[in-house]
Amino acid sequence: MDIHEYQAKEILSQFGVEVPAGALAYSPEQAAYRSRELGGDRWVVKAQVHAGGRGKAGGVQVCGSDAEILEASEAMFGRKIVTHQTGPAGKGIYRVYVEAAVDIAREIYLGLVLDRSSQRVMIVCSGEGGMEIEEISAERPDSIIRATVEPAVGLQDFQCREIAFALGLDAALVQSFTRTLKGCYLAFRDLDATMVEINPLVVTGAGRILALDAKMTFDDNAMFRHPQVAELRDKSQEDPRECRAADRGLNYVGLTGNIGCIVNGAGLAMATMDTIKLAGGEPANFLDIGGGATPERVAKAFRLVMSDKNVQAVLVNIFAGINRCDWVAQGVIDALRADPVDIPVIVRLSGTNVEEGQKILAKSGLPIIRASTLEEAAERAVNAWKNDQAKGAKLRAV
Ligand code: GDP
Ligand code: MN
């Protein structure tokens, strides 16, 4: 789960990371009002969206008056901003953050990520702040400093000092740099984050270290332990398909192909996607309906897959252990009766109550294509889809 910059700054400041003074606004008028509350004579208006690269896309504007703040935020509210991280559809701007502008002497990149090979939290730093980490690793890989944290003892002061010296920071800044780094690490660890990124972390003209930008991503599976973090979720920033799935307790990842997949178990779901590709098709999604799926749950999964207008064939692949093939068959039929579809539906059932499941499908009288192995199912799905394409089937209207 991602959160907004202003929320990440609020969290990090509770862990001792210094951030510029700022306030949130839901309208241009409120943004101007917020700047007067903050005081000073220069402000930065920042679009709050779950994506970086806002600066280059007009989502970060330095302003010197009420009029400029109104103008800058009017250009942001209600618009979609497209950056290299949002995808072509962009992300809607419904909140802006107004901050007192900072006099920047130096920009540093700081990231904390979970390094799966060392199974530790890794700190990544570079003196080339302001650039994205992808650019830094392409253009200045030698500038990247890495350190891993031994979980039994946590991040040590000497590690922070080593990084500070490698960055060439002034000795007078080492203490506040250490506090910043340790604050980020503790926030990461205590709140089950998977990523903390401060880009840029700046040294101000007056010699302070401030987080000018902040991004945090959390482990979805740990959110039950952190209700205060879980409630920061902003559905307006999420893929609507994945959002609907999460609300229904389904594991769904939207993709760009045409064959919708309804599968039980993450491993089988991935094998199904691979087999579709081997058969010459492209999966439209990853979907794991989990164990013990009731007909209602299967029908919901079916509707979810159908809500993607790129789906031109649906493959249901169930290897039932805890699941029951008869329940799955019933769910598919219920979904098809409630909302008939004019695209091929392929069902492969195996395991618990398979005979009952097959009977339910056969008795339904619906034009469901059946298959007995995964390979056969994928081939039938791709062939049926190709035949439809050859006949000139159009994109469905949803
Ligand atoms: P991003 O583009 O989404 O990563 O947004 P950032 O918050 O990182 O802002 C982009 C750039 O705007 C930063 O790298 C800074 O150079 C600049 N910027 C942001 N806030 C301030 C500020 O308070 N003062 C000045 N001078 N520049 C700022
Ligand atoms: Mn940034």
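The rules we used
Residues numbered from 1 in each chain as written. Chains lettered and ligands numbered in written order. Predicted model: local features only at pLDDT ≥ 70, side-chain atom pairs only at ≥ 80, totals over all residues. Heavy atoms only, no water. Helix = DSSP H or I, 4+ residues; strand = E, 2+ residues; numbered from the N terminus. Buried < 20%, exposed > 50% of the residue type's maximum accessible area, 1.4 Å probe, protein only. Polar contact = N/O pair within 3.5 Å; in protein donor to acceptor, adjacent residues only side chain to side chain. Contact = heavy atoms within 4.5 Å. Donors = N, O, S within 2.8 Å, 3.2 Å for Na, K, Ca; no water. Salt bridge = Lys/Arg side-chain N within 4 Å of Asp/Glu carboxyl O. 1 Å grid on protein atoms, 1.4 Å probe; cavity = no way out; pocket = protein on both sides within 12 Å on 5 of 7 lines; lining within 4 Å. Points joined across faces, edges and corners; volume = space filled by probe spheres on them. Nonpolar A, V, L, I, M, F, W, Y, C, P; charged D, E, K, R; others polar. Domains from an automatic or database assignment.

### Re the side chain of Q48
- With respect to the helices and strands, Q48 occurs in the loop between β2 (43–47) and β3 (60–63).
- Here Q48 falls in the buried class, since its relative accessible area comes to 1%.
- A polar contact is formed between the side chain of Q48 and the backbone nitrogen of Y6, at a distance of 3.0 Å.
- Within the structure, Q48 has its side chain in polar contact with the backbone oxygen of K46 (distance 3.3 Å).
- Apart from residues lying up to four places away in sequence, Q48 is in contact with H4, E5, Y6, L24, R54, G92, R95, V96, Y97 and Q237.

### Remarks on the coordination of the manganese ion (ligand 2)
- Distances from the manganese ion (ligand 2) to its protein donors, namely N199 (O) and D213 (OD), fall within the range 2.1 to 2.2 Å. Of this pair, N199 sits in strand β10 (residues 193–204) while D213 sits in the loop between β11 (209–211) and β12 (215–218), placing them 14 residues apart in sequence. In terms of burial, N199 and D213 fall into one category: buried.

### Some words on the pattern of salt bridges
- In this structure the tally under the stated criterion is 25 salt bridges.
- Across the salt bridge formed by E197 and K215, the nearest N and O atoms sit 4.0 Å from each other. One end of the pair, E197, is in strand β10; the other, K215, is in strand β12, and 18 residues separate them in sequence.
- Judged by its relative accessible area of 12%, E197 is buried.

### As for the layout of surface pockets
- The space that makes up the largest pocket amounts to roughly 1,200 Å³.
- Considering the residues around the largest pocket, the lining is formed by 44 residues, among which M1, D220, E238, D239 and E242 are closest to the centre.
- Put simply, the parts of the chain that give the lining of the largest pocket at least two residues each are β5 (91–92), β12, α8 (240–247) and β13 (251–254).
- The dominant element in the lining of the largest pocket, judged by the number of residues it contributes, is α8, at five residues.
- Of the residues assigned to the lining of the largest pocket, the class counts are 18 nonpolar, 14 polar and twelve charged.
- Of the pockets and cavities examined, the second largest pocket occupies roughly 600 Å³.
- The wall of the second largest pocket is formed by 28 residues, among which G55, V60, N199, P200 and D213 lie closest to the centre.
- Sorting the residues of the lining of the second largest pocket by element identifies β2, β3, β6 (96–100), β7 (104–115) and β10 as the ones contributing at least two each.
- Per-element tally for the lining of the second largest pocket: the top contributor is β10, with three residues.
- Here the lining of the second largest pocket is built from residues that sort into eleven nonpolar, seven polar and ten charged.
- Both domains that meet at the lining of the second largest pocket, namely domain 1 (1–19 + 103–236) and domain 2 (21–101), each give it at least three residues.

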